[in-house]
Amino acid sequence: MPLRGVEAGAFQVRDNLKIIEGRKFDWGKNEVIVGRGAAREFAGLQVGSNIKVGRYEWPVVGIFSADGGAAESEIWTDARVLQAAYNRGDSFQSVSVKLNSPGAFQAFKDALTSNPQLNVQVIRQTDYYTQQSQAITRLVTTLGFAIAFLMAVGAVFGALNTMYSAVAVRSREIGTLRALGFGGGAVVVSLLLESLLLALVGGLIGGGLAYAAFNNFHTSTMNFQSFSQLTFAFRVTPALLVRGITWAAVIGLIGGLFPAIRAARLPITVALREL
C-alpha cells in the first residue's frame, strides 16, 4: 500500500478529502489515516488497529474519503515523522500544487522548467494517473471488448433462434395477413419492430441490473507501474447505459432481420397449410 507523508497544505490542495471515521493524525506523532478504499480491501487498517512501519507501530486514528479518487488507496501520515523513520532527510518524492484555474498550468510549468536550479517533471495529476494505469487500463479494455464481442455474438444467435421460433409458430397468421393484402415489406417491418422491442426490453433490464450491481462497486487491482495496490470504484454512467441499450437494439435488429426475410418470402399457400 502507498504510504504517503504529507504536510498541512495537503488538506487544502485535496479539498475533497473528508474524515469519515475517527480523526486526523496529530502532527509530530507516529499516527496514520487510511483511505476508505484501502480500509475496505485490506484487513488490519480499521480505526484503533496498528500497522508496522519500519521499527515502529503506527496506530490508525482515522479513515478518509476522497470522492473515489486514487488517494483512497493510500495511507497518510506526517511527512516529517515519516522522513525520520526512513532516514530520508528533507527529501520529497513529489509535490502537488492546486492552481487557480486549469488555464494557469502552462505558465506554472514554464516557470519551473525554465528555472536552472530545478530538475523537475511538471505534469497534470490526471495525466500522471493515466500514465500510471496504462497497463491495467489496456488489459481491462482488451478483456472487456473481447468478452462483449463474444456475448454479442451469442446474443445475436439467441435473437435469431427466438425470432425463427416466432415465425415458425405464427406462419399461418403471417400467411393470413399476406392473403388479406399485406405485402412482404409490411411483414418484415412488423417482425423487425417486434425483435427491436424485445431487445430494448432486455437492454433496459440488463442496464438496470448492471447499475444496481456495479455502480459505486469498489474493488482493487495491482498498479504494474508502481507495484502498489490501487482501489477504484465502477461508475455506470447514463452515457454507458445508453450505449449498452443502443447495442442491444442493434443486436435485436440483426437477429430479427433474417427471420423476417424468411417470413416475407414464405409462399402464402405453404404458410396457410403449416400448423
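No experiment lies behind these values; they were computed from the predicted model shown. (Residues numbered from 1 in each chain as written. Predicted model: local features only at pLDDT ≥ 70, side-chain atom pairs only at ≥ 80, totals over all residues. Heavy atoms only, no water.)

Take a nonpolar patch on the surface next. On the surface, Leu139, Leu143, Ile147 and Met151 cluster together to form a nonpolar patch covering roughly 410 Å² of accessible area. Given a relative accessible area of 42%, Leu139 falls into the partly exposed group. (Patch = residues over 30% accessible without salt bridge, like charges linked within 9 Å, V, L, I, M, F, W, Y side chains within 5 Å. Areas by Shrake-Rupley, 256 points an atom, 1.4 Å probe, with all protein chains shown as cover. Salt bridge = Lys/Arg side-chain N within 4 Å of Asp/Glu carboxyl O. Buried < 20%, exposed > 50% of the residue type's maximum accessible area, 1.4 Å probe, protein only.)

Before going further, it helps to spend a moment on the packing of helix 8 (residues 184–214) against helix 9 (residues 238–265). Orientation of helix 8 relative to helix 9, taken along the N-to-C sense of each, is 150 degrees, at an axis distance of 7 Å. Taken together, the axes of helix 8 and helix 9 lie roughly antiparallel to each other. Helix-helix and strand crossings are classified by hand; for helix 8 and helix 9 the assignment is right-handed. Its residues assigned to classes, the contact of helix 8 with helix 9 comprises 20 nonpolar, seven polar and no charged. (Axes fitted to C-alpha atoms, helices over the stretch in contact; angles between N-to-C directions. Helix = DSSP H or I, 4+ residues; strand = E, 2+ residues; numbered from the N terminus. Parallel < 35°, antiparallel > 145°, perpendicular 65-115°, else oblique. Left-handed = near helix turned anticlockwise from the far one by under 90°. Nonpolar A, V, L, I, M, F, W, Y, C, P; charged D, E, K, R; others polar.)

All chains considered together, the criterion is met by six aromatic pairs. Aromatic side chains Phe214 and Phe234 sit 6.3 Å apart centroid to centroid with 75 degrees between the ring planes, which places their arrangement in the edge-to-face category. In this pair, Phe214 is assigned in helix 8 and Phe234 in the loop between strand 8 (228–233) and helix 9, connecting sequence segments 20 residues apart. Since its relative accessible area comes to 43%, Phe214 is described here as partly exposed. Residue class for Phe234 comes out partly exposed when judged on its relative accessible area of 36%. By the ring-pair criterion, three or more aromatic residues cluster together here, those being Phe11, Phe25, Trp27, Phe64 and Trp76. Residue placement shows Lys24 over the ring face of Phe11; its charged tip is 4.2 Å from the ring centre. (Phe/Tyr/Trp six-rings, centres within 6.5 Å; stacked < 30°, edge-to-face > 60°. Lys NZ or Arg CZ within 6 Å of the ring centre and 35° of its normal.)

Before going further, it helps to examine the environment of Ala263. Positionally, Ala263 belongs in helix 9. Exposure remark for Ala263: the relative accessible area of 1% places this residue in the buried category. When residues no more than four places from it in sequence are discounted, the contact partners of Ala263 are Val167, Ile174, Arg178, Val187 and Leu191. (Contact = heavy atoms within 4.5 Å.)

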